[in-house]
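Residue-level structure breakdown
Residues per chain, in single letters:
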Amino acid sequence: MKKNYFYKGIFVFLLLFLCSGCNGDITRSLRHDGFTYNANSVKCTPFFTKKKGDTLEKIQFYTGSHIINTDGKIYEVSLSNKFSNDENCKEAQAFFSVKAILNNTIVKAFDNKYYSLVGDSKKSAYTVIDSSDSNYPIYDLLLKGADVLKVMLKDGENNIYYSLNVDGNIYAYKVTKGDKDNPPTMTLDSVTPIPFHQSDYGERIVDFNYSGDSPATYIKLESGKVIRLTAENYKDCTKYIDIACQYSYQEDKVLTKYSDHILAYNGSTVVTDYHKYFTLSSK
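What counts and what doesn't
Residues numbered from 1 in each chain as written. Predicted model: local features only at pLDDT ≥ 70, side-chain atom pairs only at ≥ 80, totals over all residues. Heavy atoms only, no water. Disulfide = S-S within 2.5 Å. Helix = DSSP H or I, 4+ residues; strand = E, 2+ residues; numbered from the N terminus. Buried < 20%, exposed > 50% of the residue type's maximum accessible area, 1.4 Å probe, protein only. Pairing = 2+ DSSP bridges. Contact = heavy atoms within 4.5 Å. Axes fitted to C-alpha atoms, helices over the stretch in contact; angles between N-to-C directions.

A word on the state of the cysteines
With the rule as written, the count across this model stands at 2 disulfides. Two residues share a disulfide in this structure: Cys 44 and Cys 89, whose sulfurs sit 2.0 Å from each other. Because the torsion about its S-S bond is 100°, the bridge between Cys 44 and Cys 89 counts as right-handed. Of this pair, Cys 44 sits in the loop between strand E1 (35-38) and helix H2 (45-48) while Cys 89 sits in strand E5 (residues 89-91), placing them 45 residues apart in sequence. At a sulfur-sulfur separation of 2.0 Å, the disulfide partner of Cys 237 is Cys 245. Taking the torsion about the S-S bond as the criterion, the Cys 237 to Cys 245 disulfide, at about 85°, is right-handed. Accessibility expressed as a relative area gives 15% for Cys 245, which makes it buried. Disulfide connectivity for the chain, with bonded cysteines indexed by sequence position, reads 1-2, 3-4.

Here it is in structure tokens:
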């Protein structure tokens, strides 16, 4: 009997040792990839802790302040501080589930109404947005399509938006603002109507972020592969202040390799399955 306990103890030790080594490899790789390690441990039970008979919830979108799971449930998130439940996340006091999201601040619910995801001086978080809101026509124009998943502003000067649809493509739309007598209109951008087509990658696109010419801009594929805006002259443009970075879309080998260990990613923050998070630290 004592021998069985001894062997079980050795097995557990080796398992923990190997897992620790794997975590160390991931940490080193992410730091080399331009992310800064944060010592705080992340506690968020729905996504980390599997109870007997339960399954872990899966994350569809992570905005930095919120997590939206694949069922549309909303969680508030604070990685640097904990909520009163002693965790870094808590279920939001929202009576709706999210179907689509715009600029990480406005959502379309399954009831086909629009709600604020974050509050501001004019409205509280999770309140309905109706036609009395001056921006309602734009929200409705961008989110009313049944196949829309995520929309982000790409070019504010020319009113170009990127829209991820359920077909796995990202489309570019140009919005022409209207006036009190004419509603706004939306057409496919004449320059590049489909800047990211799933056929170019052999699989569907499931998420993206747009932050201009920055490594925080990326697209994520169904397999977990991440295509990230990467500085081709990284060494020079991060060393010298008078050299601008020249960006192109390239597969991020680190984020792709360790995709099974990345619970959430939004371009600027990576949350791993071993309860650690990393923030973008370079150009």
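Picking up after the structure, the text goes on.
Topic: the sheet that holds strand E10 (residues 148-155)
Overall, mixed pairing links the 8 strands, which are arranged E9-E8-E7-E6-E10-E11-E12-E13 in an open sheet. For this open sheet the edge positions go to strand E9 (128-129) and strand E13 (185-188), each flanked by a neighbour on one side alone. Relative to strand E11 (residues 160-165), E10 runs antiparallel, the two being bridged by 6 bridges. The partner of Val 151 across the bridge, within E11, is Ser 163. Contacts from helix H3 (residues 136-143) reach strand E6 (98-102), strand E7 (106-109), strand E8 (114-116), E9, E10, E11, strand E12 (170-176) and E13 within the one sheet, and its direction differs from that of E6 by about 120°.

Limitation: the analysis is restricted to geometry and does not speak to function.
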